[in-house]
Protein chains: 2
Amino acid sequence: MNPVRVIEAKRDGRELDPEDIRAFLLGFLEGTVEEPQVAAFLMAVYYHGMTPAELGALVEVMLHSGAVLELDHLPAARIDKHSTGGVGDKVSLPLAPLVAEAGIYVPMMSGRGLGHTGGTLDKLEAIPGFRTDLALPRFMEVLEAERMAMIGQTAEIAPLDRRLYALRSVTGTVPSIPLIAASIMSKKLAEGLTGLVLDVKTGSGAFLADLDASRELARTMVALGRERGLPVVARLTAMDRPLGQAVGNALEVAESLACLRGEGPDDLRTVVLALAGEMLAMGGAAPDADVGAEQAGALLDSGLPLERFRRMVEAQGGDAAVVDDPGRLPKAPVVREFLAPRRGRVAAVLPRPIGVGVVEMGGGRVRLADTIDPSVGVDALVAPGTPVDAGDLLARVHARTESDARRMLAVLEAAVLLDDGDPQRPLPLLGERISAG
Amino acid sequence: MNPVRVIEAKRDGRELDPEDIRAFLLGFLEGTVEEPQVAAFLMAVYYHGMTPAELGALVEVMLHSGAVLELDHLPAARIDKHSTGGVGDKVSLPLAPLVAEAGIYVPMMSGRGLGHTGGTLDKLEAIPGFRTDLALPRFMEVLEAERMAMIGQTAEIAPLDRRLYALRSVTGTVPSIPLIAASIMSKKLAEGLTGLVLDVKTGSGAFLADLDASRELARTMVALGRERGLPVVARLTAMDRPLGQAVGNALEVAESLACLRGEGPDDLRTVVLALAGEMLAMGGAAPDADVGAEQAGALLDSGLPLERFRRMVEAQGGDAAVVDDPGRLPKAPVVREFLAPRRGRVAAVLPRPIGVGVVEMGGGRVRLADTIDPSVGVDALVAPGTPVDAGDLLARVHARTESDARRMLAVLEAAVLLDDGDPQRPLPLLGERISAG
């Protein structure tokens, strides 16, 4: 394998021999293929994509660059959920204990906020004391005791993915469907799962705003799973507006707890139950996803998943009292209301500027080294389609300073659009379902 | 300037602000923009090309990354010739002393062999003792005394070009017209010239085999010269067959000396005189290029350029006795003849396999660290169109070993095609002339 020949072939759109991809990537791991060569290769992939055979070889090397969890000793199905990321997407927090309550193991490895989107780890860490960096043996203990545990990707899992992602993030090669699919699937395939449910966000707040691209990403991941014997179901869900009414780490934990109490916004509950239904069906706990969603609704209302969440928080070092008293979560010193300037109907709530605004208030990272302020964000956010009167509350801003709050109020003015004429058509909350069948 | 934004813009085919290109490249020189980022940028340039304004900014930074020679004190025009590279292209050796003899300064900075092509420096170094690595002060002395000197690119000239070229050579981004043009022109603009003649090779032995691509490269370089006030004329010349009858360093020196004695193959003499005519016209020593070529022919036959070449060899440390006795050049131990297997007409002499064959015999470098054997190569090479009888000499192989010679004979069998039917049409030796007018 000559690395320059491999780059040239991909540059010219010729299909590579999977053996050459393998040798190229192993060369990168061993130091004989250099970072600039991989960067040029990734840019060529950005333009030409990858064939299924090429992608299979890429995922194979990524997967086996690190440890693969062995969970066969667990007495039931092991199913995880992965979201491609959105604004206000706190689905994992209520979903994991709900599905675990139904008898399925949920060994969840999540990520941090990225760009304008939040991350499950950042949200969980808003709970004082909560540890997302458990070592694998402790992770296994919690998982065995509670049928769920929620941690970050450990260093042992798919280290090649980390190295490739670091290169992609500085070389303009992040938004490539095969590279996104390989990154997600190499990590999920390492988790020792028996099934995977994907929440593929679509709309202006998603990484792939375009519906066709979202669909292609979903299909690519489902195909990669099938090839390697992992059943995968993908659901496209709406990200043309934030999910729920809260954006910001502590505020989203509070909203997740409300959901676990059977309260909270309808859209959040709907997505949680739909994905839970898929996981229950996949794990044999329900005859199909629709029945599974119904079962999950009843289970959620039983309060048992909330108890499981409480035990998980405790097992992972967090302040479990938060579960009954969300007031113990970090609170921002400045709270300001965003009121409707006039009568009308909410035409759109643009997720991306709101996500960016919360990051800039300190709720996310601009640089990797930034520390997050879990208290800041927005809640009581109005939903598109809502009729409002002048002076109605459209959102509440939680900020560290008066000037941060003012900036966020200006962001909301531009992001919450009141309708004067034609109502805009929101995406269906639950969109297409894509599976190997 | 955010380097990722710059890469993304080029990736998406948007025109960059010249200021951003400048900042991106200065960042690379200063270490704030990393090699993988430049590699990804170069691959995006490979796909999208560069606008004239972008290319101007690239050349500007490359040029000013190093020293720019100041030759204004010289009392006459300073004109160099650059070839895009071919097989058997020894034009510079007779051309430089010929043009200097006509009263024009020729501060020639040449390159080494690359891929299947030879390089002027490697040829000159076949003369025992010849130094191509003169320091700039010594270069100036020789130039002032002989109106010519022939050395390699010094480290002071366009160091950014060297760094970019090193990246391009490992990332599959060499064959990009704007990048080739920028690399050549940044170095030539640093030579303190008043004019530049480009020999743009076209045909299967050229780096850009395609006529349209050769033409575009020529136009791009002419335009870059115009922008920066340097008159540039480009001539497309044929490289669908080797130039002359010799390929290999010492053998090409011998052929060059023959040309300087008014002998040697016609095609070599024709190209030398045509380019000399352009240089004389450009430097005000002839009313136009055609008259210049005639003057150059008479001058060549006077023997004075040969004397000048002899003095230059001496001034640069070489064995000047070689000039009268080419038998002093390094000789290969094994010489074998390649004879016509049958009667016919030579339909084609493929330059690329012959160039590769000579490199593999030790006449060029496969790796940068390889040392060259100046003695090996091919001479007495037949020209396309020649009618031959069975047993006629088609070429002579000069090799280090019997097995090298056998391999080269096999290469020649495949590269020298005898016609059975339609004669193939060779490219015109002198093709289009491209200038700013």
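Note that the structure is a prediction, hence the values are computed from the model and not measured.

Caption draft 1: Highlighting the overall build of chain A. Scanning chain A for helices and strands turns up 16 helices and 12 strands. Here chain A has a C-alpha radius of gyration of 22 Å; the compact-globule value for 437 residues is 22 Å, and the two agree. When its C-alpha atoms are laid out on the principal axes, chain A stretches across 65 × 45 × 40 Å. Of all 437 residues assigned to chain A, the portion counted as buried reaches 57%. At a minimum sequence separation of 6, the contacts of chain A that also span at least 24 residues come to 78%. Taken as a whole, chain A presents about 16,500 Å² of accessible surface, with 51% of it coming from carbon and sulfur. Taken as two groups, the 45 positive and 60 negative side-chain charges of chain A have centres that lie 2 Å from each other.

Caption draft 2: View of unusual backbone geometry. We note that Ala158 of chain A has phi near 40 degrees; this positive angle belongs to a residue other than glycine. Within the secondary structure layout, Ala158 of chain A lies in the loop between strand E3 (148–152) and helix H8 (159–171). Even without glycine at this site, Ala380 of chain B takes up a positive phi of about 55 degrees. Of note, Ala380 of chain B is situated in the loop between strand E8 (377–379) and strand E9 (387–388).

Caption draft 3: Focus on the domain arrangement of chain A. Residues and elements named next belong to chain A. Here chain A is described as being made up of domain 1 (3–48), domain 2 (79–326 + 431–435) and domain 3 (330–419). For domain 2 and domain 3, the distance between their C-alpha centroids amounts to 24 Å. In this assembly, 21 residues from domain 2 lie in contact with 22 residues from domain 3. Taken as a group, His116, Gln245 and Leu251 account for 30% of the area that domain 2 buries against domain 3, more than any other trio of residues on that side.

Caption draft 4: Structural detail: the packing of aromatic side chains. By the definition in use, this model includes five aromatic pairs over all chains. Taken together, a centroid distance of 4.0 Å and an interplanar angle of 40 degrees make the contact between Tyr47 of chain A and Tyr47 of chain B tilted. On the criterion of chain membership, the pair formed by Tyr47 of chain A in helix H3 (residues 35–48) and Tyr47 of chain B in helix H3 (residues 35–48) is interchain, its members lying in two chains. For Tyr47 of chain A, a relative accessible area of 24% gives the class partly exposed. The rings of Tyr46 and Tyr47 of chain A together with Tyr46 and Tyr47 of chain B are connected pair by pair, giving a single aromatic cluster. The cationic tip of Arg163 of chain A hangs over the ring face of Phe28 of chain A; the distance from NZ or CZ to the ring centre is 4.0 Å.

Caption draft 5: Structural view of the nonpolar core. Membership of the largest hydrophobic core comes to 136 residues, with the highest contact counts inside it found for Leu58 and Phe139 of chain A together with Leu58 and Phe139 of chain B. Non-local contacts of Phe139 of chain A, meaning those with residues more than four positions away in its chain, are made with Leu69, Pro107, Met108, Met109, Leu134, Ala149 and Ile151 of chain A. One finds Val91, Leu257, Val272 and Leu412 of chain B within the second-largest nonpolar core, a separate group that totals 75 residues.

Caption draft 6: Focus on the relation of the copies chain A and chain B. With an RMSD of 0.0 Å, chain A superimposes on chain B once it is rotated by 180 degrees and translated 0.0 Å along the axis. Here the transformation between the copies is reduced to the relation of a two-fold axis. Within chain A, Pro36 of chain A has its C-alpha nearest the rotation axis, a separation of 1.9 Å. A shared binding surface is used by both copies, with 100% of the interface residues of chain A retained as interface residues in chain B.

Caption draft 7: Highlighting the interface of chain A and chain B. Taken together, the contact pairs 22 residues of chain A with 22 residues of chain B. Contact with chain B buries area across many residues of chain A, yet Arg11, Pro36 and Tyr47 of chain A alone supply 35% of it, more than any other trio. Linking chain A with chain B are zero salt bridges, by the criterion used here. Inspection of the chain A/chain B interface yields 11 residue pairs in polar contact (both at pLDDT 80 or more). Among the elements of the structure, helix H1 (3–11), H3 and H8 of chain A are those that each provide at least two residues to the side of chain A that touches chain B.

Caption draft 8: Broad picture of the confidence of the model for chain A. Chain-level pLDDT for chain A is 95 on average; 99% of the residues reach the 70-or-more range. Taken together, the chains of this predicted complex give a pTM of 0.88 and an interface ipTM of 0.86.

Caption draft 9: Seen up close, the sheet that holds strand E11 (residues 416–419) of chain B. Residues and elements named next belong to chain B. Strand order across the open sheet formed by three strands is E9-E7-E11, with antiparallel pairing between neighbours. Two strands bound the open sheet, and with one partner strand each, they are E9 and E11. Sheet contacts for helix H16 (residues 402–415): strand E7 (344–349) and E11; angle to E11, the most-contacted strand, approximately 40 degrees.

Caption draft 10: Focus on the sheet that holds strand E5 (residues 232–238) of chain A. All names here are of chain A. Pairing within the open sheet is mixed, and its four strands lie in the order E1-E4-E5-E12. For this open sheet the edge positions go to strand E1 (79–83) and strand E12 (430–435), each flanked by a neighbour on one side alone. For this sheet the average axis-to-axis angle between neighbouring strands, irrespective of direction, equals 20 degrees. With seven bridges joining them, strand E4 (residues 195–202) and E5 adopt parallel strand pairing. Residue pairing in the sheet places Val200 in a bridge with Leu236 of E5. With respect to the sheet, helix H10 (residues 211–227) is in contact with E4, E5 and E12, its orientation differing from that of E5 by roughly 165 degrees.

Caption draft 11: Geometry of the packing of helix H4 (residues 52–63) of chain B against helix H9 (residues 177–189) of chain B. All names here are of chain B. One can describe the packing of H4 onto H9 by two numbers: an axis separation of 9 Å at closest approach and a directional angle of 40 degrees. With respect to their mutual orientation, H4 and H9 come out oblique. Crossing hand, H4 versus H9: right-handed. In this structure, H4 contributes Leu55, Leu58, Val59, Met62 and Leu63 to the contact, and H9 contributes Pro178, Leu179, Ala182, Ser183, Ser186 and Leu189. A per-class count over the contact of H4 with H9 returns nine nonpolar, two polar and no charged.

Caption draft 12: The side chain of Ser110 of chain B, seen in detail. Positionally, Ser110 of chain B belongs in strand E2 (residues 106–110). Discounting chain neighbours no more than four positions away, the residues touching Ser110 of chain B are Thr120, Leu121, Ile151, Gly152 and Gln153 of chain B.

Caption draft 13: Expanded view of H9 of chain B. Spanning 13 residues, H9 of chain B covers 18 Å between terminal C-alpha atoms, matching the ideal 18 Å at 1.5 Å per step. Most of H9 of chain B sits inside the fold, with 13 of its 13 residues counted as buried.

Caption draft 14: Up close: the pattern of salt bridges. Residues and elements named next belong to chain A. What the rule picks out here adds up to 76 salt bridges over all chains. Here Glu141 ties to Arg138 by a salt bridge, and the two come within 2.7 Å at their closest N and O atoms. Of this pair, Glu141 and Arg138 both sit in helix H7 (residues 136–146), separated by three residues, roughly a single helical turn. Note on Glu141: relative accessible area 46%, which makes it partly exposed. Classification of Arg138 by relative accessible area gives partly exposed; the value is 33%. Through salt bridges with shared partners, a single network forms among Lys90, Lys123, Glu252 and Glu255.

Rules used in this analysis
Residues numbered from 1 in each chain as written. Chains lettered and ligands numbered in written order. Predicted model: local features only at pLDDT ≥ 70, side-chain atom pairs only at ≥ 80, totals over all residues. Heavy atoms only, no water. Helix = DSSP H or I, 4+ residues; strand = E, 2+ residues; numbered from the N terminus. Rg over C-alpha atoms; globule rule 2.2 N^0.38 Å. Buried < 20%, exposed > 50% of the residue type's maximum accessible area, 1.4 Å probe, protein only. Contact = heavy atoms within 4.5 Å. Areas by Shrake-Rupley, 256 points an atom, 1.4 Å probe, with all protein chains shown as cover. Lys, Arg positive; Asp, Glu negative; His and termini not counted. Charge placed at Lys NZ, Arg CZ, Asp CG, Glu CD. Domains from an automatic or database assignment. Buried area = accessible area lost by both parts, 1.4 Å probe. Phe/Tyr/Trp six-rings, centres within 6.5 Å; stacked < 30°, edge-to-face > 60°. Lys NZ or Arg CZ within 6 Å of the ring centre and 35° of its normal. Core = buried A, V, L, I, M, F, W, Y, C linked by side-chain atoms within 4.5 Å. Least-squares fit on C-alpha atoms with pLDDT ≥ 70 in both. Salt bridge = Lys/Arg side-chain N within 4 Å of Asp/Glu carboxyl O. Polar contact = N/O pair within 3.5 Å; in protein donor to acceptor, adjacent residues only side chain to side chain. pLDDT = per-residue confidence, 0-100. Pairing = 2+ DSSP bridges. Axes fitted to C-alpha atoms, helices over the stretch in contact; angles between N-to-C directions. Parallel < 35°, antiparallel > 145°, perpendicular 65-115°, else oblique. Left-handed = near helix turned anticlockwise from the far one by under 90°. Nonpolar A, V, L, I, M, F, W, Y, C, P; charged D, E, K, R; others polar. Expected span 1.5 Å × (residues − 1).

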